[in-house]
Amino acid sequence: MAASFGRGAMTNHWKDFKNSDMFLVVGANPAEAHPCGWRWAYRARDERGAKIIHVDPRYTRTSATADVYAPIRAGTDVAFFNGLINYVLDNELYHEEYVRQHTNASFIVAESFSFDEGVFSGYDEAVRGYDTSTWDYEYEKAAAEAGEDSTGDERPPATGSGESAVDPRGFVRTDDTLQDPRSVFQLLKEHVSRYTPEVVSEITGIPEEKFLEIAELWGSTGAPDRVGAMVYAVGLTHHVTGLQMIRSLGMLQLLLGNVGRTGGGVNAERGHANIQGNTDNAISWEILPGYLGIPRPGMETLDDYIEQVPAKQLAMNSLNFFGSRYRDFLVSLQKAFFGDAATEANDWAYDWIPKPAENSSWLTAHNEALQNRLQGLIAFGFHNPAVGPDTNRVLQSLSNLKWLVAMDPLPTAASEFWRAPGVEPDQVDTEVFFLPCTHWIEKDGAFTNSGRWAQWKWKALEPEGEIKDDHWVLAQLYLGLRDLYEEEDGAFPDPILGLAWPYSDPGHPPLEELAKEMNGRNIETGEQLSTFADLKSDGTTLSGNWIYAGSWTEEGNQMARRNNDDPTGMGFHHEWAWSWPLNRRVLYNRASADENGRPWDPRRPGIQWNGSLWVGDVPDFPPDEAPDVGTGAFIMTGEGVGRLFAPGGLTNDGPFPEHYEPTEAPVENAVPQGRREHPTAFFYDGARESFAPAGGDFPYVATTYRITEHEHYVTQHVPYLVETQPDFFVELDPDLAAEKGIANGSQVRVRSMRGEVEGVAMVTKRMRPLRLGRSKIVHQIGIPVHWSYVGGKARAKSNANLLTPYIGDSNVRTPEFKGFLVDIEAV
C-alpha cells in the first residue's frame, strides 16, 4: 500500500464498513477470523442493501454469507485483479474526475521504461534483480525554479528542515487528456489488456461468467454516488507476489475512486490484536519507528540519508509532507533514543543507527544460522520460528545455534524445538533459555487495531509466581549489557552507553512513561506534544514514533478515552480512543470530495469545505486551507496523488503488477507474453533444490489458513479451545477423495518436496476442483496451521509448514505460505 498511497495501513476502519455499498473480500475470511469487526459489513448489508463478494480457494463462513462466491487457484490473485482493472478500463467504468484529480494517470513515463516477455526494463537475469532507475517519469527541465515559487504563496513551504523538497529535475510532465501513449493511463491500459476474461479464467480457475459477474458488480462502484470497500488479509500477503497483489487491488480502488472515501478504501485485516501497532513501531527489519527507512551502506551522514531516502516533490500540487519533514522526525527519534548524547556536533548520533548491507528478515536470520554464521537468537512476542516455512530446515537452523532465548507466556515450538519429531535431543548443542513472560491480559498498555485505533487497556489478572513482563526482561538485559560495556569496554560501545534511559524505574520502565515518550515532548518546556507538526530537527523535541504524536498530550492519555458520541453519524467516534495520524479515521480523506470541496456523495461525506473550514473527519492538511489551493490528497507521496505507476525505488519487482506462477505450480503461465517464474523471488542457499516442478509427483495445489477456534499456535494451551478443534485435519474435495480412495474421517498423509504431515481427512464441497482452460483440472487441498508438537490434546506430529517452501519475496522476504504443491494419500 505504501507504493500506491504513500504508507501502509488500513485506509478506513471497522465501523466504516457500515457505510459501504459493496465488499470485495479476497485472501481473507472475516466472518471467522474477524467476526466482531465484520458485523459492520452485515449492518451495511441489512440496512443499505450492500453486496458481499468473496473470492477464496475455500468456501468458508464468509462465502456462506456472501451474495457472490468464486473459488480461485491459490497464488493467482494478480491475474484476477489485473483482469478487473482491464474490465474497468475497457468499459470506461472508472471514476474519471477522481482519476484525473487524485492519481498519477496523467504523468508521463520516461522512454527508459519498457515491458517485454514478462519482465520490465532494467532486468538482470544473472542477479535476478532490476535496475529500477529505468522506471521513472519524464521531467520538465525548467520547472525547478517554478517549483520554488509554487511552494511559497499557495501553501506553507514544502520544506521541513531547510533542504529543498523539490526534485532537482523539476516537476513531472503531465498530459491532462490522458491520451499521450507514454502517460501512465495509456501504459496501464496496454499492460492489462492481456488479462481478458478468458485468460483470467484459464489462470485462476474462476469460471468466465462468474468473473464477468464480479467485474460488473465491482465496476459499478466507480460511480460518484457509490463506494466499495476492498478487504484482504494474509491470504494475499503470504505470497512471493504479495506486494503486487496488494498493489493491484489498490490500483483498482484508485481507478474506481474508492480510496479516501467513507465506506471505501483498502482494508487490511491484521492477524492479531496488535499487529498494526507492532508494524508501526518497526517490528519489521527494513524500517525505523513511524515507517522511516533504515539507512543503507554509503549513507555516511544524515545529509546523505535525507538526500537519498525521503521522497522529493514531483508536482505543483504535492504537499510532500512526509518527504519534507523526514529530518524533523528522524532527529526527534534520535533524541528519544539517545537524549543528550545526540547533538548537532555528532550529527544527532546518526552513526549509531545500523546500516545493514543485506536483508535482515527472519528467513535470512535462519539461513545465517543454517550456514553457522549466527550464534544466538532471541524470540519473543509470540514469535514462533520453529513452525516457519520448510520447518525441517528451520529446525536444523535452530540446532546450529549456540543459544536460543524464548520469551513467551507458555512453551512454544521454538522453546521446545529440541523435542520435535525427528530431532534427537542429545544431538542438539543449542542451549535454550525459556523465560516465562506475562500474557497481554496480565499487563496494561495499548493495542493498535487494524483500523489504526490505539486503545489503552488495563490488566485483568496479576501474573503468577516469578513471571515477568517482557519489558522487564529487556530492561534487565540492557542494564546488564551497559554495565559490561562500562567495565570491559568492547567494540563500539557508544550506542549502548549513550542510550537514554530516563525512567522512574530503570529496571521496569512504566508503560505510561514509554507511551508518553513515544508521543513526544518539547525538551525545553517538558510539555507533551499534541501534533507531529511541532517536531523539529534542531534537537529541541523528541518523539519515539512521530505518527503517535497526539496520543498522550498535556490533556492526558487520549488512547484511554471512551466517549462513544458520533455527531457526524459516519462512525468516526473521534473521542473514542485515538487513531494515528492525528486522530484521523479515514486516510487520504481529501479524496472524498471534488476539487471544490463538495463530497462525491453528500449522504456520506468524509470531509467537506463549509466556506471557511474542512469539517467531518480530521483533514489531511490544515483545516482552513481552501480547496482552490489544490493540495493533493496523498500527502505522503512526492506526486501528491495515488500511484497507478510506482516509479523505481518503491518496489523491487515491478512498477505495474504482473502475474507470475507460484514457484510451485501445476501449469505454465497463460498470460500472453508472460513469464512462468517470478523473476525476482529470492532463493536461499540450497532451497531451490527442494521446489517441485510442474508435472511431477506433486500434482495438487495446497494452501494454509487459520480457523475461528484457535489463535495461531497459542491456544493449543487452552483446553476448551482444544476440545472444540482437537485434531490436525486436511480438507479435500469429494472428487479427489474418490480418486485417491480417501474416506471422510480417515487418516491421510500429505507430502511435499520438503516434508510430510498426517491428519484427519475432511472430505468437503468447500474445496472445489478448478478447470483451467478447456481440459486441465486442478484440485486444491486446505491445511490449517494451528497444530505442532507443543500443547494440544496430544503432541501432534504434524504442522502445516513442514510442507511450505523456503523462499522469500524480493521486497521484504515474505514466505510463500499460501500456494505450493503436494501429494495426498490414504494412510
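The model shown is predicted, which means the values in this text are computed figures rather than measured ones.

A. Empty space enclosed by the protein, seen in detail. This structure, assessed with the given rule, holds four cavities of 30 Å³ or more. Approximately 170 Å³ is the volume attributed to the largest cavity. Every residue lining the largest cavity is counted, 16 residues in all, and those nearest its centre are Asn384, Pro411, Thr412, Tyr713 and Val714. Residue classes in the lining of the largest cavity are distributed as eight nonpolar, seven polar and one charged. Of the residues that make up the lining of the largest cavity, three or more belong to each of domain 2 (362-446 + 458-488) and domain 3 (688-826).

B. Focus on the pairing of strand S13 (residues 403-408). The buried count for S13 comes to five of six residues, which makes it a mostly enclosed element. In this structure, strand S12 (residues 376-380) lies alongside S13, joined through five bridges in parallel fashion. From the neighbouring strand, Ile378 faces S13, where its bridge partner is Val405. Regarding the hand of the β-α-β motif, the stretch spanning S12, helix H17 (residues 391-399) and S13 is right-handed. Where S13 lies against strand S14 (residues 431-436), six bridges are found, and the strand directions are parallel. Paired with Trp403 across the bridge in S14 is Glu431.

C. Up close: helix H15 (residues 321-338). Helix length check: H15, at 18 residues, gives a terminal C-alpha distance of 26 Å against a target of 26 Å (1.5 Å per residue), a fit within 8%. For H15, the principal kink sits at Arg327 and spans about 40°. In terms of burial, H15 is a largely internal element, 17 of the 18 residues being buried. Downstream of H15 by a residue or two, Gly339 has a phi angle that is positive, lying close to 55°.

D. Up close: the domain arrangement of the protein chain. Here the domain parsing of the protein chain yields domain 1 (2-96 + 195-272), domain 2 (362-446 + 458-488) and domain 3 (688-826). Taking the mean C-alpha position of each, domain 1 and domain 2 sit 38 Å from one another.

E. Representation of the packing of aromatic side chains in the model. Using the criterion set out here, one finds 48 aromatic pairs in the structure. Centroid distance Phe17 to Phe23: 5.5 Å. Interplanar angle 80°. Geometry classified as edge-to-face. Classification of Phe17 by relative accessible area gives buried; the value is 0%. Given the relative accessible area of 0%, Phe23 is considered buried. Plain terms: the ring middles of Phe321 and Phe532 are 5.5 Å apart, the flat faces sit at 50° to each other, and that makes the pair tilted. Of the two residues, Phe321 is situated in helix H15 and Phe532 in the loop between strand S17 (521-522) and strand S18 (541-542); the sequence distance between them amounts to 211 residues. Relative accessible area serves as the criterion here: at 15%, Phe321 is assigned to the buried category. By relative accessible area, which is 7% here, Phe532 ends up buried. Linked through ring pairs, Phe107, Phe113, Phe115, Phe120, Tyr123, Tyr130, Trp135, Tyr137, Phe645 and Phe656 together constitute an aromatic cluster. If you follow Arg585 out to its NZ or CZ, it ends over the ring of Trp453, 4.3 Å from the centre.

F. Highlighting the sheet that holds S14. Pairing within the open sheet is parallel, and its three strands lie in the order S12-S13-S14. Of all strands in the sheet, those with a lone pairing partner are S12 and S14, marking the two edges. Across the sheet, the mean angle from the axis of one strand to that of its neighbour is 10°, orientation sign disregarded. Sheet strands touched by helix H18 (residues 470-488): S12, S13 and S14. Its angle to S12, the strand with the most contacts, is close to 150°.

G. Structural detail: helix H3 (residues 35-48). Taking 1.5 Å per residue as the helical rise, H3 with its 14 residues ought to reach 20 Å, and the 19 Å between its terminal C-alpha atoms agrees with that figure. Those residues of H3 lying buried are Gly37, Trp38, Trp40, Ala41 and Ala44. As for H3, its buried residues are in contact with strand S1 (22-26), helix H2 (30-33), strand S2 (51-55) and strand S8 (228-232). Looking one or two places after H3, you find Gly49, whose phi comes out positive at around 75°.

H. Focus on a negative patch on the surface. Negative charge collects at one region of the surface, where Glu198, Glu202, Glu208 and Glu209 lie side by side. Elements with a contribution of two residues or more to the negative patch: helix H9 (197-204) and helix H10 (208-219). Within the fold, Glu202 resides in helix H9.

I. Examining the side chain of Arg643 more closely. Here Arg643 lies in the loop between strand S23 (614-616) and strand S24 (682-683). Given a relative accessible area of 4%, Arg643 falls into the buried group. Polar side-chain contacts of Arg643 include one of 3.1 Å to the backbone oxygen of Ala3. Those residues in contact with Arg643, other than ones at most four positions away along the chain, are Ala2, Ala3, Ser4, Gly6, Asn104, Arg247, Met251, Leu254, Thr637, Gly638 and Leu650.

J. Up close: the layout of surface pockets. Counted as a void, the second largest pocket has a volume near 490 Å³. In this structure, the second largest pocket is lined by 26 residues; those nearest its centre are Arg100, Gln101, Asp176, Asn317 and Val641. Tallying contributions element by element places helix H6 (residues 96-102) first for the lining of the second largest pocket, with four residues.

K. Broad picture of the sheet that holds S2. A sheet is described by the order of its strands in space; here five strands give the open sequence S3-S2-S1-S8-S9, paired in parallel fashion. Sheet topology places strand S3 (68-70) and strand S9 (266-268) at the edges, where each strand pairs with a single neighbour. The sheet shows a mean angle of 15° between the axes of neighbouring strands, taken without regard to direction. Pairing analysis gives three bridges linking S2 to S3, with the strands arranged parallel. Paired with Val55 across the two strands is Ala70, which belongs to S3. Seen against the sheet, helix H5 (residues 77-90) touches S1, S2 and S8 and runs at an angle of roughly 150° to S1. Each of S8 and S9 touches helix H12 (residues 242-256); the most contacted strand, S8, lies at about 175° to it.

L. Expanded view of the packing of H5 against H12. Contact pair H5 / H12: the axes reach a minimum separation of 9 Å and the direction vectors enclose 20°. On the basis of their axis angle, the class for H5 and H12 is roughly parallel. Where H5 crosses over H12, the two elements pack in a sense that is left-handed. Residues Asp77, Val78, Phe81, Asn82, Leu84, Ile85, Val88 and Leu89 of H5 touch H12, and the partners they reach there are Gln244, Met245, Ser248, Leu249, Met251, Leu252, Leu255 and Leu256. Across the contact of H5 with H12, the residue classes break down as 12 nonpolar, three polar and one charged.

M. Quick peek at a nonpolar patch on the surface. Side chains of Ile378, Phe380, Trp403, Phe433, Leu435, Leu474, Leu477, Leu481 and Leu484 sit close together on the surface and give an oily, nonpolar patch of about 700 Å² of accessible area. For the nonpolar patch, the secondary structure elements donating two or more residues are S12, S14 and H18. Residue contributions to the nonpolar patch peak at four residues, all from H18. Looking at the element boundaries, Leu474 is found in helix H18.

N. Inspection of the packing of H9 against H10 at higher detail. Look at H9 against H10: their axes get within 9 Å of each other, and the N-to-C directions meet at 115°. Where H9 crosses over H10, the handedness of that crossing is right-handed. Along the contact surface, H9 presents Pro197, Glu198, Val200 and Ser201, while H10 presents Glu208, Phe211 and Leu212. A per-class count over the contact of H9 with H10 returns four nonpolar, one polar and two charged.

O. Quick look at the environment of Gly27. Here Gly27 shows up in the loop between S1 and H2. For Gly27, a relative accessible area of 11% gives the class buried. Separated by 211 residues in the primary sequence, Gly27 and His238 place their C-alpha atoms 9.4 Å from one another. Setting aside chain neighbours within four positions, we find Gly27 in contact with Val55, Asp56, Tyr232, Ala233, Val234, Gly235 and Leu236.

Parameters at a glance
Residues numbered from 1 in each chain as written. Predicted model: local features only at pLDDT ≥ 70, side-chain atom pairs only at ≥ 80, totals over all residues. Heavy atoms only, no water. 1 Å grid on protein atoms, 1.4 Å probe; cavity = no way out; pocket = protein on both sides within 12 Å on 5 of 7 lines; lining within 4 Å. Points joined across faces, edges and corners; volume = space filled by probe spheres on them. Nonpolar A, V, L, I, M, F, W, Y, C, P; charged D, E, K, R; others polar. Domains from an automatic or database assignment. Buried < 20%, exposed > 50% of the residue type's maximum accessible area, 1.4 Å probe, protein only. Helix = DSSP H or I, 4+ residues; strand = E, 2+ residues; numbered from the N terminus. Pairing = 2+ DSSP bridges. Right-handed = clockwise from strand over helix to strand, strands pointing away. Expected span 1.5 Å × (residues − 1). Bend = angle between axes of the 7 residues up to and from the residue. Phe/Tyr/Trp six-rings, centres within 6.5 Å; stacked < 30°, edge-to-face > 60°. Lys NZ or Arg CZ within 6 Å of the ring centre and 35° of its normal. Axes fitted to C-alpha atoms, helices over the stretch in contact; angles between N-to-C directions. Contact = heavy atoms within 4.5 Å. Patch = residues over 30% accessible without salt bridge, like charges linked within 9 Å, V, L, I, M, F, W, Y side chains within 5 Å. Areas by Shrake-Rupley, 256 points an atom, 1.4 Å probe, with all protein chains shown as cover. Salt bridge = Lys/Arg side-chain N within 4 Å of Asp/Glu carboxyl O. Lys, Arg positive; Asp, Glu negative; His and termini not counted. Charge placed at Lys NZ, Arg CZ, Asp CG, Glu CD. Polar contact = N/O pair within 3.5 Å; in protein donor to acceptor, adjacent residues only side chain to side chain. Parallel < 35°, antiparallel > 145°, perpendicular 65-115°, else oblique. Left-handed = near helix turned anticlockwise from the far one by under 90°.

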